Amino acid sequence: MSKKHIAILTVILAILIDQISKIYIKTHFQLGEEVVVFNDWFRIHFTENNGMAWGFEFGGKAGKLFLTLFRVVAVTGIVYWLWQSIKRKAHTAVIIAIALILAGAVGNIIDSVFYGVIFDSSYHNVATLFSDNPYGELFHGKVVDMLYFPIYEGENFTFFNAIFNGADSWITIGVALLFIFNKQAFPKEEKETKQVS
């Protein structure tokens, strides 16, 4: 399989897994609902945020629109990076890493752009897909998160209290792969040495 086909397959599969999991959570869980999967250290906990890491927000609706548009521009840059890496026949792990980062970015953009107009609210309610009464507007959707790993919970402290989604996982895995294969991802240009005669 060519590097181009590996990249395309990685992006498509990663986006599908991300979106299928999010749509399932939206249409089967109420906001805040939680299911314990493994001994209390892995839970499915449905929450939503406006798209920034750790649920941070800024600038209200205008800030949300700016963040979404910024992500769209960033994805264009990632696509170009992936294409250039394929052209220079970069290591397969590097191609997969960039493809995962691209898929993660696109996955969260889909939530931000479309979820506000295709779902109704999840407050005290299991959301309906393609609802006649959507909760938001185009470019103002909320990102769905559900993966929760509270490895240690004390009385006033929880170790690793982030709740994230498949798209976030793809980005993390992609960045980790780039770190591992950094020499292949960011090769130093070979400088021509002049021989002194």
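Definitions and cut-offs
- Residues numbered from 1 in each chain as written.
- Predicted model: local features only at pLDDT ≥ 70, side-chain atom pairs only at ≥ 80, totals over all residues.
- Heavy atoms only, no water.
- UniProt positions renumbered as here; feature names shortened; annotations may be inferred.
- Patch = residues over 30% accessible without salt bridge, like charges linked within 9 Å, V, L, I, M, F, W, Y side chains within 5 Å.
- Areas by Shrake-Rupley, 256 points an atom, 1.4 Å probe, with all protein chains shown as cover.
- Salt bridge = Lys/Arg side-chain N within 4 Å of Asp/Glu carboxyl O.
- Helix = DSSP H or I, 4+ residues; strand = E, 2+ residues; numbered from the N terminus.
- Buried < 20%, exposed > 50% of the residue type's maximum accessible area, 1.4 Å probe, protein only.
- Pairing = 2+ DSSP bridges.
- Core = buried A, V, L, I, M, F, W, Y, C linked by side-chain atoms within 4.5 Å.
- Contact = heavy atoms within 4.5 Å.
- Phe/Tyr/Trp six-rings, centres within 6.5 Å; stacked < 30°, edge-to-face > 60°.
- Lys NZ or Arg CZ within 6 Å of the ring centre and 35° of its normal.
- Axes fitted to C-alpha atoms, helices over the stretch in contact; angles between N-to-C directions.
- Parallel < 35°, antiparallel > 145°, perpendicular 65-115°, else oblique.
- Left-handed = near helix turned anticlockwise from the far one by under 90°.

An unreviewed UniProt entry annotates the protein chain as Lipoprotein signal peptidase originating from Tenacibaculum singaporense. In its Sequence similarities (unreviewed entry) section, the UniProt record describing the protein chain reads: "Belongs to the peptidase A8 family."

1. Some points on a nonpolar patch on the surface
Taken together, the side chains of Met1, Ile8, Leu9, Ile12, Leu13, Leu16, Ile17 and Ile20 present a nonpolar region at the surface, about 800 Å² in accessible area. Along the polypeptide, Ile12 turns up in helix α1 (residues 3-28).

2. A look at the UniProt feature "transmembrane region" (unreviewed entry) in the protein chain
Residues annotated by UniProt as "transmembrane region" (unreviewed entry) correspond here to residues 65-83, 95-118 and 159-181. The span residues 65-83 shows a helical share of 100% and a strand share of 0%, and its end C-alpha atoms are spaced 27 Å apart. When the span residues 159-181 is considered, its composition is 65% helix and 13% strand, and the gap between its end C-alpha atoms is 29 Å.

3. Structural notes on the pairing of strand β3 (residues 143-148)
As a general feature of sheets, a regular strand has side chains that alternate between the two faces. Within β3, six of the six residues are buried, which leaves it mostly tucked inside the rest of the structure. Two strands pair when backbone bridges link them, and strand β2 (residues 42-49) and β3 are joined in this way by five bridges, in the antiparallel orientation. The residue of β3 that forms the bridge with Arg43 is Tyr148. The pairing of β3 with strand β6 (residues 163-164) spans two bridges and is classified as antiparallel. In the sheet register, Leu147 faces β6, and the bridge partner there is Phe164.

4. Remarks on the pattern of salt bridges
Applying the stated criterion across every chain yields a total of five salt bridges. Between Arg43 and Glu34 there is a salt bridge whose closest N-O contact spans 3.3 Å. Glu34 sits in the partly exposed class, given a relative accessible area of 32%. Taking the shortest distance from any N to any O, the salt bridge between Arg43 and Asp40 comes out at 3.1 Å. On the basis of relative accessible area, Arg43 is assigned to the buried category, the value being 8%.

5. Description of the nonpolar core
Counting 24 residues, the largest nonpolar core has Leu82 and Leu178 as the members making the most contacts within it. Every element with two or more residues in this core is listed here: α1, α2 (60-87), α3 (92-118) and α4 (166-180). With near-sequence residues (within four places) excluded, Leu82 lies in contact with Ala7, Ile95, Ile98, Ala99 and Leu102. In this structure, Ile25, Phe42, Phe46 and Ala127 belong to the second largest nonpolar core, which totals 13 residues.

6. As for the packing of aromatic side chains
Within the structure shown, the criterion is met by nine aromatic pairs. Judged by centre distance (5.8 Å) and plane angle (20°), the ring pair of Phe38 and Trp41 falls under stacked. Between Phe38 and Phe42 the ring centres are 6.1 Å apart and the planes differ by 35°, which places this aromatic pair in the tilted class. For Phe38, a relative accessible area of 46% puts it in the partly exposed group. Positioned over the ring face of Phe119 is Lys26, at 5.1 Å from the centre of the ring.

7. Brief notes about the packing of α3 against α4
Running from N to C, α3 and α4 cross one another at 155°; their axes reach a closest spacing of 7 Å. Relative to α4, the element α3 lies roughly antiparallel. Our pair here, α3 against α4, has a crossing hand that is left-handed. Across the interface between the two elements, Ala93, Val94, Ile96, Ala97, Ile98, Leu100, Ile101, Ala103, Gly104, Ala105, Gly107 and Asn108 from α3 touch Ala167, Asp168, Trp170, Ile171, Ile173, Gly174, Val175, Leu177 and Leu178 from α4.

8. A closer look at the UniProt feature "active site" (unreviewed entry) in the protein chain
UniProt feature "active site" (unreviewed entry): in the numbering of this structure it lies at Asp145 and Asp168. A maximum C-alpha distance of 9.0 Å places the annotated residues, which cover 24 residues in sequence, within one compact spot. Looking at the secondary structure, you find Asp145 in strand β3. Residue Asp145 is classed as buried on the basis of its relative accessible area of 4%. When near neighbours in sequence (up to four residues on either side) are disregarded, Asp145 contacts His45, Phe46, Thr47, Asn49, Ile163, Phe164, Asn165 and Asp168. In this structure, Asp168 sits in helix α4. Given the relative accessible area of 24%, Asp168 is considered partly exposed. Every residue in contact with Asp168, bar those within four places of it in the chain, is listed here: Asn108 and Asp145.

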